[in-house]
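# A closer look at the structure
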Amino acid sequence: MEAKNTKIRPKNSGSKQLFDNPILEKLSHTHIAIPVSMFFVAGFVLGYYAFTHTELANWAIGMLFIVGAITFTFIEYWVHRSVYHIEPTTEARAKFQYIAHGVHHEYPKDKTRLAMPPIVAVIVAVTLFSVFFVLMGEAAYAFFPGFIWGYAAYLLVHYSVHAYAPPKNFMKQLWINHAVHHYKDGNAVFGVSSPIWDYVFGTMATMDKSKVSENL
């Protein structure tokens with residue numbers, strides 16, 4: 001029997017218990033400062049190593065850092081669209097989608113679930129660095145800092161758009177875009193830290209975005 005792909009109605013307060021096991025439930029929450037600090041520090045250490053213990057030229061380190069950051073914006077978009085919003089065609093897929101992301105759509109104001117749990121994030125980061133190192137060699141020491149600083153920046157943006165009122169400058173558009181995704185069209189505007197890939201792949205919403213202001 002196929003699971004129904006029903007629209008999740010957002011609740012403006014509270015949190016959802018995901019696990020009966022109290023340890024797993026505790027680990028599913030995190031303060032945003034923990035992963036942000038972890039990845040900014042890790043990026044700095046890896047970048048320092050690139051400058052002091054590799055044969056890469058300084059200009060090459062800078063370019064690899066920028067490429068890493070840009071690459072992250074694509075991965076952010078792709079994971080959000082293809083993994084977090086996977087079609088729940090089976091019970092297993094529906095359960096995975098809800099735990100990974102659906103709970104966030106149901107409780108978008110829950111500040112403790114605006115980032116991947118640190119333990120999971122570390123496992124994913126170590127795995128990705130290993131893959132990049134196999135593919136790129138020592139260039140990974142310059143590329144990966146850009147990538148994980150991109151992730152840390154994404155976490156700050158994602159936290160800010162849910163926790164604070166939008167600023168009165170060009171950054172406000174990020175608040176509006178994410179509000180469209182949460183409250184108007186969950187199949188559009190998958191980019192959080194950058195809208196570039198929504199424009200590239202045609203998933204930027206075309207509706208009147210002024211109508212989402214009440215949710216900001």
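In this text the structure is predicted, and so the values were computed from the model without any measurement.

### A word on helix α6 (residues 140-163)
Its 24 residues give α6 an end-to-end C-alpha distance of 34 Å, which sits within 8% of 34 Å, the value for a rise of 1.5 Å per residue. Burial of α6 is extensive: 20 of the 24 residues sit out of reach of the surface.

### Some words on the layout of surface pockets
Gaps between atoms show up when a probe of the same size as a water molecule is rolled over them. Estimated volume of the largest pocket: approximately 1100 Å³. What lines the largest pocket is a set of 41 residues, among which Y84, M116, P117, V120 and Y151 lie closest to the centre. The set of elements that each furnish at least two residues to the lining of the largest pocket consists of α1 (22-27), α3 (58-84), α4 (91-106), α5 (118-136) and α6. Element by element, the count of residues in the lining of the largest pocket is highest for α3, at 8 residues. Of the residues belonging to the lining of the largest pocket, the class tally is 33 nonpolar, 6 polar and 2 charged.

### Points about the environment of L46
Along the chain, the position of L46 falls in helix α2 (residues 33-53). On the basis of relative accessible area, L46 is assigned to the buried category, the value being 17%. Considering only alpha carbons, one finds L46 and G146, 100 residues apart in sequence, at a separation of 9.9 Å.

### Quick word on the packing of α5 against α6
In the contact formed by α5 and α6, the axes pass within 9 Å of each other and the chain directions differ by 145°. Seen from above, α5 lies across α6 with right-handed handedness. For the pair formed by α5 and α6, the contact residues are A125, L128, F129, F132, F133 and M136 on the first element and A140, Y141, F143, F144 and F147 on the second. Here the contact of α5 with α6 is composed, by residue class, of 11 nonpolar, no polar and no charged.

### Digging into the confidence of the model for the chain
In the predicted model, the chain carries a mean pLDDT of 91, and 91% of its residues have values of at least 70. Every residue in residues 1-6 is under pLDDT 50, and counting partners more than four places away or in other chains gives 9 contacts.

### Side note on the nonpolar core
Core analysis: the largest hydrophobic core is formed by 33 residues, its most contacted members being F39, F144, F147 and L155. Listing elements by their share of this core, those giving two or more residues are α2, α3, α5, α6 and α7 (172-183). Ranked by residues supplied to this core, first place goes to α6 with 14 residues. Those residues in contact with F147, other than ones at most four positions away along the chain, are G68, A69, T71, F72, I75, L128 and F132.

### Let's talk about the packing of aromatic side chains
By the definition in use, this model includes 23 aromatic pairs. Here the aromatic rings of Y77 and F201 are separated by 5.6 Å at their centres, their planes lie at 15°, and the arrangement is stacked. Taken together, the positions of Y77 in helix α3 and F201 in helix α8 (residues 196-201) put the pair 124 residues apart, joining distant regions of the chain. On the basis of an interplanar angle of 65° and a centroid distance of 5.5 Å, the ring pair of F132 and F147 is categorised as edge-to-face. Of the two residues, F132 is situated in helix α5 and F147 in helix α6; the sequence distance between them amounts to 15 residues. One aromatic cluster is present, formed by F39, Y49, F72, F129, F132, F133, Y141, F143, F144, F147, Y151 and Y154 through successive ring pairs.

### Remarks on the packing of α2 against α6
Remark: α2 packs on α6, axes separated minimally by 8 Å, with the N-to-C direction vectors making an angle of 160°. For the element pair α2 / α6, the angle class is roughly antiparallel. With respect to the hand of their crossing, α2 and α6 are arranged in left-handed fashion. Residues P35, V36, F39, F40, A42, G43, F44, L46, G47, Y49 and A50 of α2 form the contact with α6, whose own contacting residues are Y141, A142, F144, P145, I148, W149, Y151, A152, A153, L155 and L156. Classifying every residue of the contact of α2 with α6 by side-chain character gives 20 nonpolar, 2 polar and no charged.

### Digging into empty space enclosed by the protein
Scanning the entire structure with this criterion turns up 2 cavities of 30 Å³ or more. Empty space within the second largest cavity amounts to approximately 30 Å³. As for the second largest cavity, its lining consists of V103, H104, Y107, D110 and R113. A class-by-class count of the residues in the lining of the second largest cavity yields 2 nonpolar, 1 polar and 2 charged.

Calculation criteria
- Residues numbered from 1 in each chain as written.
- Predicted model: local features only at pLDDT ≥ 70, side-chain atom pairs only at ≥ 80, totals over all residues.
- Heavy atoms only, no water.
- Helix = DSSP H or I, 4+ residues; strand = E, 2+ residues; numbered from the N terminus.
- Expected span 1.5 Å × (residues − 1).
- Buried < 20%, exposed > 50% of the residue type's maximum accessible area, 1.4 Å probe, protein only.
- 1 Å grid on protein atoms, 1.4 Å probe; cavity = no way out; pocket = protein on both sides within 12 Å on 5 of 7 lines; lining within 4 Å.
- Points joined across faces, edges and corners; volume = space filled by probe spheres on them.
- Nonpolar A, V, L, I, M, F, W, Y, C, P; charged D, E, K, R; others polar.
- Axes fitted to C-alpha atoms, helices over the stretch in contact; angles between N-to-C directions.
- Left-handed = near helix turned anticlockwise from the far one by under 90°.
- Contact = heavy atoms within 4.5 Å.
- pLDDT = per-residue confidence, 0-100.
- Core = buried A, V, L, I, M, F, W, Y, C linked by side-chain atoms within 4.5 Å.
- Phe/Tyr/Trp six-rings, centres within 6.5 Å; stacked < 30°, edge-to-face > 60°.
- Parallel < 35°, antiparallel > 145°, perpendicular 65-115°, else oblique.

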